[in-house]
Amino acid sequence: SEVNEQVVVVMPLAFAMIAMHSRKYRTAQVHGLLIGSSDRGKIYVSDTMPICHEAPTKTIIESATSVALSMIQAENVSKDVVGWYTVPETIGEDTPGAATLRIVASLENLIEKPVLVSVSRIGVEKFAEVADGGFHGQHVTVFGKDFGMQWQERLAADCPSWKSAEMHGLRAFIDDEHFCDLTDHWLSPSCSEWPKPSNIQSLSQKYS
């Protein structure tokens, strides 16, 4: 299908967080919020909030969005919730299903013009090779709202390459089982919250 001129830039650390989420829950489809900013027609996804590894209810979507917006406000940064991400359960399942489209539609009631980012399972499983090569968007598909009021309009994806030192460090903890997504954290408060991009960056520097 034809690609819309709007560009969504998925920054390396945001992709790392999506990959970590999916690799932690390998037998499930994972979902989460995209956090970033807009500038001159481009949306920059610089952060994520991993939400769940099952189909979220409307209550979970609303609660998670409220938490994310509160955190952004508390940090006093020029960011916002810009959309939703998902990684399918199986390799080859690259087109968002009806359930995912309904999730993004419900998110539109909470934020303005959300985008949907779908990362392929193979891109997650081959994370190291993909990140080393910059992956140039072939494992990331971005959708915006189309004229049929569905999130099936392809948007251009830009995925900058990693710095080699960052990639070397990330290999050391990309499969860390210590972290859990938001719903698991709610169920078990002792479970560590997902790290912020700044934490991932400092860890990658430590291991590199």
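No experiment lies behind these values; they were computed from the predicted model shown. (Residues numbered from 1 in each chain as written. Predicted model: local features only at pLDDT ≥ 70, side-chain atom pairs only at ≥ 80, totals over all residues. Heavy atoms only, no water.)

## Quick look at the environment of Ser22
Where we set the bar: The helix and strand labels rest on DSSP assignments: H or I over at least four residues marks a helix, E over at least two residues marks a strand, and numbering proceeds from the N terminus. Burial classification: accessible surface area is computed with a 1.4 Å probe over protein chains only, and a residue below 20% of its type maximum counts as buried, one above 50% as exposed, and the rest as partly exposed. What makes two residues a contact is simply this: any of their non-hydrogen atoms within 4.5 Å.
Along the polypeptide, Ser22 turns up in helix 1 (residues 12-24). Overall, the relative accessible area of 0% leaves Ser22 in the buried class. For the pair Ser22 and Val87, spaced 65 residues apart in the sequence, the C-alpha separation amounts to 6.6 Å. Not counting residues up to four positions away in its chain, the partners in contact with Ser22 are Val30, Val87, Arg121 and Val124.

## Thoughts on the pairing of strand 6 (residues 140-144)
Quick reminder of the rule: Strand pairing is assigned whenever DSSP detects at least two bridges linking the two strands.
Among the 5 residues of strand 6, 5 are classified as buried, and the element is accordingly described as predominantly covered. Where burial is concerned, the two faces of strand 6 agree: the one with Val140, Val142 and Gly144 and the one with Thr141 and Phe143 are both buried. Where strand 5 (residues 115-119) lies against strand 6, 4 bridges are found, and the strand directions are antiparallel. Looking at the pairing, Leu116 lines up with Phe143 of strand 6.

## Some details on the nonpolar core
Rules: We call a set of buried residues a nonpolar core when its members are Ala, Val, Leu, Ile, Met, Phe, Trp, Tyr or Cys and they connect through side-chain atoms within 4.5 Å of each other.
Counting 23 residues, the largest nonpolar core has Leu34, Val119 and Val140 as its most contacted members. Every element with two or more residues in this core is listed here: strand 1 (4-10), helix 1, strand 2 (30-39), strand 3 (42-52), strand 4 (80-87), strand 5 and strand 6. Judged by nonpolar contacts, the second largest core, of 21 residues, contains Ile51, Leu101, Leu107 and Leu182.

## Some words on the side chain of His31
Going by this rule: Any N or O atom pair separated by 3.5 Å or less is treated as a polar contact, with the protein-specific requirement of one donor-capable and one acceptor-capable atom, and with residues adjacent in sequence counted only for side-chain atom pairs.
Inspection of the secondary structure assignment puts His31 in strand 2. Separated by 3.2 Å, the side chains of His31 and Trp84 make a polar contact.

## Re helix 2 (residues 58-75)
In plain terms, the rule: Expected helix span is taken as 1.5 Å per residue step, with the number of steps being one fewer than the number of residues. This arc is built from the directions going out from the helix axis to the C-beta atoms.
With 18 residues, helix 2 should reach 26 Å at 1.5 Å per residue; the first-to-last C-alpha distance of 26 Å fits that figure. Listed as buried for helix 2 are Ile60, Ile61, Ala64, Thr65, Ala68 and Ile72. Buried residues of helix 2 fall within an arc of 125 degrees about the axis and therefore sit on the same side. Residues of helix 2 that are exposed and angled more than 90 degrees away from the buried face: Thr59, Gln73 and Ala74.

## Some details on unusual backbone geometry
Here the phi dihedral of Arg40 falls at roughly 50 degrees; this positive angle occurs in a residue that is not glycine. Within the element layout of this structure, Arg40 appears in the loop between strand 2 and strand 3.

## Description of helix 1
Relative to the 18 Å expected for 13 residues at 1.5 Å per residue, helix 1 spans 18 Å between its end C-alpha atoms, a close match to the ideal helical length. Summarising burial for helix 1: 13 of the 13 residues are buried, a large majority.

## Let's talk about the confidence of the model for the protein
This is how it is decided: As a per-residue measure, pLDDT reflects the predictor's confidence and takes values from 0 up to 100.
Residues with a pLDDT of 70 or more make up 75% of the protein, whose mean pLDDT is 80. Across the protein, strand 4 holds the top mean pLDDT of 94, while helix 5 (residues 127-132) sits lowest at 57.

## A closer look at the pattern of salt bridges
To be explicit about the condition: Each reported salt bridge corresponds to a side-chain nitrogen of Lys or Arg within 4 Å of a carboxyl oxygen of Asp or Glu.
The tally for this structure, following the rule as stated, stands at 1 salt bridge. With a shortest N-O distance of 2.9 Å, Glu108 and Lys145 are connected by a salt bridge. With Glu108 in the loop between helix 3 (98-107) and strand 5 and Lys145 in the loop between strand 6 and strand 7 (153-158), this residue pair connects regions lying 37 residues apart in the sequence. For Glu108, a relative accessible area of 30% corresponds to the partly exposed category. Overall, the relative accessible area of 28% leaves Lys145 in the partly exposed class.

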